[in-house]
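Below, each chain spelled out in residue letters.
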Amino acid sequence: MTLKLLFGVLAILVLPVAVASLGYHWHWHWFPLLELDDPPALVAYGLTLSVGSAGIIITLVLLSALTLHRWRLRPGQFLVFFLCLMTALGGAFVTKTLAKQYFKEPRPYVLWLEEQGKIDSGSFYAQRESVREQWLAEGLSRVPEQQIPGWLKLHWQEEVTYSFPSGHSIAAMTIAAFFCLLLAYRRASPWLVGLLAGWAVAVCYSRLLLGLHWPADILASSLLGFLFGALGAWGFIRWDRRKL
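Residues numbered from 1 in each chain as written. Predicted model: local features only at pLDDT ≥ 70, side-chain atom pairs only at ≥ 80, totals over all residues. Heavy atoms only, no water.

S.K.: Can you walk me through unusual backbone geometry in this structure?
M.R.: Outside of glycine, negative phi angles account for most residues, and trans bonds account for most peptide bonds. For the bond from phenylalanine 164 to proline 165, the omega torsion is -10°, close enough to zero to count as cis. Tracing the backbone through its elements, the reader meets proline 165 in the loop between α8 (150–158) and α9 (167–185). Notably, lysine 104 is not glycine yet its phi reads approximately 50°, a positive angle. Positionally, lysine 104 belongs in the loop between α4 (77–103) and α5 (108–115). For lysine 104, a relative accessible area of 46% puts it in the partly exposed group. Positive phi outside glycine occurs at arginine 187, with the angle close to 60°. Residue position: arginine 187 is located in the loop between α9 and α10 (190–209). (Helix = DSSP H or I, 4+ residues; strand = E, 2+ residues; numbered from the N terminus. Buried < 20%, exposed > 50% of the residue type's maximum accessible area, 1.4 Å probe, protein only.)

The structure is reproduced here in structure tokens:
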């Protein structure tokens, strides 16, 4: 893996996400920007689901199959590949979990609901997660479907932890960095690498548009995701080169 390849993938993953933070300083308001009951909001939700509890499994299986067929089959290859990928995702998950408890940043939708008089953010985050879900359900029950559709109300109720960093974004970026580097290393089509990078960037922006995260959350997550994904890819490539 060359530095040119490493920095090239870093650029296509992180620079588009950094635009969101620049826009925030120029007073771009990412939420509420969409009409939440319109199709674009559903597209954003679909992107979020692609790294949800079920979607991430499908995503990983498809990308693993797409990537591994480019390698000559070797003894232990699948095990090493799985360990490198899971170590990268595991490191990202642990880092995300610890950071949320340390920074304790409220989510955008919580502050927005507070402005609407539906909830008190200080009291909200002082409760256990199960109580937060109940309070949120009660607060959202007074919001019409035309303003916030039912699917988004349910999604918000599933996301009652703190905001920084973004778990979905760090997962998408870890996956994208890992597979983009491996695919580019094996000289896959640049369009394929670009499509995968575009998916990860789109997942990050979906979190902004649905009110789950701030621009700084997804920028930090993209950097952390790239770091863990690159380490995982480096581990697999190093093992592969030693087997030549």
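The structure having been displayed, the exposition proceeds.
S.K.: Please clarify how the nonpolar core should be interpreted in this entry.
M.R.: As a rule of thumb, soluble globular proteins bury nonpolar side chains together. Grouped together as the largest cluster of nonpolar side chains are 50 residues, with contacts concentrated most on Leu13, Ile175, Phe179 and Phe236. Where this core is concerned, the elements lending two or more residues are α1 (3–25), α3 (55–68), α4, α9, α10 and α11 (215–242). In terms of residues, this core owes the most to one element, α9, which gives 13 residues. If sequence neighbours within four positions are ignored, phenylalanine 179 has contacts with Leu60, Leu63, Ser64, Thr67, Phe81, Leu85 and Leu196. Of all hydrophobic cores here, the second largest spans 23 residues; its members include Phe31, Val110, Tyr125 and Leu136. (Core = buried A, V, L, I, M, F, W, Y, C linked by side-chain atoms within 4.5 Å. Contact = heavy atoms within 4.5 Å.)

S.K.: Explanation requested: α5 in the structure shown.
M.R.: Given 3.6 residues to a turn, an α-helix orients residues that are three or four positions apart in the same direction. Turning to α5, its buried residues are Pro108, Tyr109, Val110, Trp112 and Leu113. Structurally, α5 contributes buried residues whose contacts are with α6 (121–125), α7 (129–140) and α8. Among the residues trailing α5, glycine 117 stands out with phi positive, at a value near 75°.

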